[in-house]
Amino acid sequence: MTPPRLVDVVVQTHWDREWYFDHETFAGRLIEVMERVIAMLESGALPHFLFDGQTAAYRDLLAEAEPALAARARAQAEAGRLILGPWHVMADEFLVSGESLWRNLELGIADATAAGNCQRVGYLPDTFGHVGQMPQILRHFGIDKAALWRGALPAKAEFDWRAPDGSTVGALHLTQGYYQHALNVPDWQAALDRYLESVSPRSAATRLVLTQGGDHLAPHAEMAARIADYNTRQREYSLSLSTLEAHVSAALAETEGRRETLAGELRDNRETFVLPDVLSTRRYLKRLHQAAEDRLLHQLEPLAAQLKGEAPAHALARCWRRLIEQQAHDSICGCSVDAVHRDMVARFAQLDARMTALQSRLATRAGLTGATAHDAGPSVFRDERTFTVFNPLPKRFAGAVEVTLFVENAPRTVAVRTTAGATLPVTVVNRVSATRFRSPLDEFPGARQGETITLSLRADLAGLEALGCELVAGDADAPVAAPGLRRIANAFFSVELDASGGLTVTDLSGGLSIERALCIQFELDAGDTYNYSPPPDAARARVDRFAFVCARTAEDFSEMTLAIGLDRPAGLAADRKGPSATTVYCDGELTLRIFANERHVDATLVWRNAARDQRTRLCLRLPSPISHMVADSAFDWVRRPVRLAAYPAAPSRQEMPVAVNPSLAALAAGPWRVAHRALQEFEIVEDAGEHFVGLTLVRSVGWMSRRDLVTRGVGAGPDMATPDAQCLGEEVFTLRFALGGEETDALALAEGLRRAPFALPGVADAWHSPATLAHDPVQVSAVRAVGDTLEVRLWNPTDAPQPLTVPAAEGWRRVRADGSDEPGDLTHIAPRAILSVRRPRQ
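First, a word on what this report is: a plain description of the structure on this page. (Residues numbered from 1 in each chain as written. Predicted model: local features only at pLDDT ≥ 70, side-chain atom pairs only at ≥ 80, totals over all residues. Heavy atoms only, no water.)

## Regarding the overall build of the protein
For the protein, the count of helices and strands is 13 helices and 44 strands. For a compact globule of 842 residues, the expected C-alpha radius of gyration is about 28 Å, and the protein comes in at 28 Å, within 12% of that figure. Classification of the 842 residues of the protein by burial places 61% in the buried group. In the protein, of all internal contacts separated by at least 6 residues, the share reaching a separation of at least 24 is 74%. For the protein, the exposed surface amounts to about 30200 Å²; the carbon and sulfur share of it is 51%. The averaged location of the 106 negative side-chain charges in the protein is 1 Å from the averaged location of its 89 positive side-chain charges. (Helix = DSSP H or I, 4+ residues; strand = E, 2+ residues; numbered from the N terminus. Rg over C-alpha atoms; globule rule 2.2 N^0.38 Å. Buried < 20%, exposed > 50% of the residue type's maximum accessible area, 1.4 Å probe, protein only. Contact = heavy atoms within 4.5 Å. Areas by Shrake-Rupley, 256 points an atom, 1.4 Å probe, with all protein chains shown as cover. Lys, Arg positive; Asp, Glu negative; His and termini not counted. Charge placed at Lys NZ, Arg CZ, Asp CG, Glu CD.)

## Some words on the pattern of salt bridges
Think of it this way: side chains of opposite charge can pair up when their charged atoms draw near. For the structure shown, the criterion picks out 66 salt bridges. Between Asp193 and Arg233 there is a salt bridge, with its nearest N and O atoms 3.3 Å apart. One end of the pair, Asp193, is in helix 6 (residues 188-199); the other, Arg233, is in helix 7 (residues 223-233), with 40 residues separating them in the sequence. Note on Asp193: relative accessible area 26%, which makes it partly exposed. The exposure class assigned to Arg233 is partly exposed, which follows from its relative accessible area of 40%. (Salt bridge = Lys/Arg side-chain N within 4 Å of Asp/Glu carboxyl O.)

## Brief notes about the nonpolar core
Within the largest apolar cluster, 189 residues are counted, with the highest numbers of intra-cluster contacts made by Met34, Leu592 and Trp672. Dropping the residues within four chain positions of it, Met34 is found in contact with Phe49, Phe51, Leu61 and Leu82. Membership of the second largest hydrophobic core comes to 22 residues, among which are Val416, Leu467, Leu471 and Ala476. (Core = buried A, V, L, I, M, F, W, Y, C linked by side-chain atoms within 4.5 Å.)

## Structural notes on helix 1 (residues 23-43)
Side chains that are three or four residues apart share a direction in an α-helix, a result of its 3.6 residues per turn. With 21 residues, helix 1 should cover 30 Å at 1.5 Å per step; its first-to-last C-alpha distance of 30 Å lies within 8% of that length. Along helix 1, the positions that sit buried rather than exposed are His23, Phe26, Ala27, Leu30, Val33, Met34, Val37, Ile38, Met40 and Leu41. Here the buried face of helix 1 lies against strand 2 (49-50), helix 2 (55-64), helix 3 (67-78) and strand 3 (82-83). Positive backbone phi, approximately 90°, marks Gly44, located one or two places after helix 1. (Expected span 1.5 Å × (residues − 1).)

## Structural notes on the packing of helix 4 (residues 98-115) against helix 10 (residues 313-325)
Relative orientation and spacing of two packed helices are given, respectively, by the angle between their axes and the distance between those axes. Contact geometry for helix 4 and helix 10: axes closest at 10 Å, N-to-C directions at 110°. Comparing the axis directions of helix 4 and helix 10 gives the class roughly perpendicular. Counted together, Ser100, Arg103, Asn104, Leu107 and Asp111 of helix 4 and Trp320, Arg321 and Ile324 of helix 10 form the full contact between these two elements. A breakdown of the residues in the contact of helix 4 with helix 10 according to their chemical character gives three nonpolar, two polar and three charged. (Axes fitted to C-alpha atoms, helices over the stretch in contact; angles between N-to-C directions. Parallel < 35°, antiparallel > 145°, perpendicular 65-115°, else oblique. Nonpolar A, V, L, I, M, F, W, Y, C, P; charged D, E, K, R; others polar.)

## Focus: the environment of Ala246
As for its position among the elements, Ala246 is in helix 8 (residues 244-254). Remark: the alpha-carbon pair of Ala246 and Asp8, spanning 238 residues in sequence, is separated by 8.7 Å.

## Digging into the pairing of strand 20 (residues 493-497)
The buried fraction of strand 20 amounts to four of the five residues, a majority that puts the element mostly inside the structure. Here strand 19 (residues 487-489) pairs with strand 20 via three bridges, running antiparallel. Residue pairing for strand 20: Arg487 is matched across the bridge by Glu496. In this structure, the hairpin formed by strand 19 and strand 20 is closed by a connection of three residues. Bridge count between strand 20 and strand 21 (residues 503-507): five bridges; the pairing is antiparallel. (Pairing = 2+ DSSP bridges.)

## Notes on the packing of helix 1 against helix 2
One can describe the packing of helix 1 onto helix 2 by two numbers: an axis separation of 10 Å at closest approach and a directional angle of 90°. With respect to helix 2, the element helix 1 is oriented roughly perpendicular. Residues His23, Ala27, Leu30, Ile31, Met34 and Ile38 of helix 1 touch helix 2, and the partners they reach there are Ala57, Asp60, Leu61 and Glu64.

## Some words on the packing of aromatic side chains
This structure, assessed with the given rule, holds 17 aromatic pairs. Relative to Phe737, the ring of Trp672 lies with its centre 5.6 Å away and its plane at 70°, an arrangement referred to as edge-to-face. Residue Trp672 is found in strand 34 (residues 672-676), and its partner Phe737 is found in strand 37 (residues 729-739); the two are separated by 65 residues along the sequence. Across this residue pair, the class does not change: Trp672 and Phe737 are buried. It is Arg267 that lies over the ring of Phe94; its NZ or CZ is 5.6 Å from the centre. (Phe/Tyr/Trp six-rings, centres within 6.5 Å; stacked < 30°, edge-to-face > 60°. Lys NZ or Arg CZ within 6 Å of the ring centre and 35° of its normal.)

## As for the side chain of Asp52
Mapped onto the elements, Asp52 comes out in the loop between strand 2 and helix 2. Nearest to the buried, unbridged Asp52 among oppositely charged side chains is Arg17, at 9.3 Å. There is a polar contact of 3.0 Å between the side chain of Asp52 and the side chain of His14. (Polar contact = N/O pair within 3.5 Å; in protein donor to acceptor, adjacent residues only side chain to side chain.)

## Some remarks on the sheet that holds strand 32 (residues 661-662)
The strand order 24-23-29-36-35-32 describes an open sheet built from six strands, whose pairing is antiparallel. The outermost strands of the open sheet, each flanked by one partner alone, are strand 24 (541-543) and strand 32. Bridge analysis of strand 35 (residues 681-687) against strand 36 (residues 690-700) gives six bridges, and the strand direction is antiparallel. When the sheet's bridge partners are listed, Asp687 is paired in strand 36 with Glu690.

Remember that the coordinates give geometry; whether it matters functionally is a separate question.
And the structure:
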């Protein structure tokens, strides 16, 4: 007789902290669910319970539960029965930086370990696809196995997943998804039969897994009895309660040497939805998130590390926890009810205020600014004519730094002089009358009248160098109006507005010229927060004619502002098959700026959306069709083949093949090299025989989920109205672009846009020594203080080793994620590798 096939029953819940209810409502439900779970763990009815692989929900339970229940939960975690980690939240992997994923794992492992146990499986059951470097990230934390669902389609459930650097983890594909509550339903025996019949042929291992549970579900009180009854009723399967880690370990051990390997990112949606258009849903959330992430990663942490004195580790950790909790997939993706995202906007504002206060404390402690009006040292009321420019990266910077200073009684024409007496080349970009309010610790608060002066100064800074400066009288004057200017240029690029209103961008060094280079494209959207879906009549339109508004010039820069707009349908008609009869006007201003010595063009688009149920894109025209494009992702520079959108004619149960692509901040397509702030969805678009790089500006939808999309004919969540997701109103979009050069030049553009040197008010001798460790194309992920050491994390976007300039005499060493020494030299960083190094703060 053939023995029954073993089935490991992993009892679990998937806990979205906010989604179709807000966080507070789900927190109340969490107590109800966990009261049952803890009672079952205490009675022995459950030997284990998987708390979704994220510690944030556990921390919510401890914060919200009555003290007695919280103590019982702690006891079960300490005993290893309430299984925690390794993540803090289940983040979207494509909308956050690699460093955020690293800190998420770091925080989750620390929380879980402190609570008493940490699951050593990269558990990713519901994220909307997976970044290619995830196996390397997991390996850095000593995790050699993963379990996931969306985006993978191996021939068998057990497979190997290889990162671009070669790091590999054994993985389990949850072929039918994590949401399997067969033992909860009235016809549980038939539900079990159907489930096991579906997963049995998909597994190469003899043992199967049932992830018993689902979104916000409690286990059935009679689960053990039902398992026993099922085992008695039939002989094909034998069910027993187990843990996910035990199952994955056993299944991978059994299939060792005969597993298929999947390489890189996982976005295959032939079998499972990956819901790709969340990349552009509620773009304002992406903007707020990226601004907070940049400020924490590329200002506060390097600043805290390089200023002398103990770094505020607790305050920074609290900032990180708040940021990471905003990165949960249903939160940052914008696919929750409106109340959730209103709460997110408020939390982003709170985080920004927290970071402002922390930066002020750091500057005051270092003597850069004052907290008081009367004590010795700088007064809190002092203006910012003395200031420090700080390079937050361990890479040499030579270029333009934009700083904005509040100055009282400023000279009409200015110069910038360093504390060493050197004069820096400077351009006045803008001057505006301003009032600044200050509240000292020892006096009444008060306001001062002055100007905010925005300067572009050219500086040459070593890695992590701080340069003291002073604004003095000089020759630099404010820009002058140039009403006749229709072409801005330097030695490298020109942008010209022709007589018909078209924009021509020319690479003067390479000779390439693209006419009608920029345009705005509109199309109706009958989709939801998860997927774009065109109606039968999408009312597509493209406008590439701009109107001159104004221009300004100074000695080494020129700027041109142009207007563009179009009448559009106000939304969908009542039958959602085409445009409404009424129209609205959508318009904006595009400002283009070129500095004399910079190899790029800066662009700012202020756009006012008045239309519902639509998608608006900024399109960059390609001179000819292309076969591939490259974009940045978490610790990666990803080359993808071009897939033009092929929209189905009618709804089906299958999601349309993915055509949109993620980008954190940089992309290269054809001759275009583009850096952006939070324009995180792009697509190669074909329109009237021409091809474009289309960056989604606005996607306006009114439903969280619908079931009538041609691109995904079944629901992805509850069918709930989300009027705020129409995203009406004004948004600002920032880009930097160039033509030609290496594809990785786009990464350098993005680094300059998001991680440039910045100014701090005041000057003080309060800095640790500079450190220049790398050059382009090596990328910097983090600079932070860890105890009494300085930690730097780098990654290599290329397929070749890249040289480093790490001074051996300064005590630098390679480290693992836990801080232990890692073998290897410091002369190069391996292809596609992530490398962490530390030295004493000095």
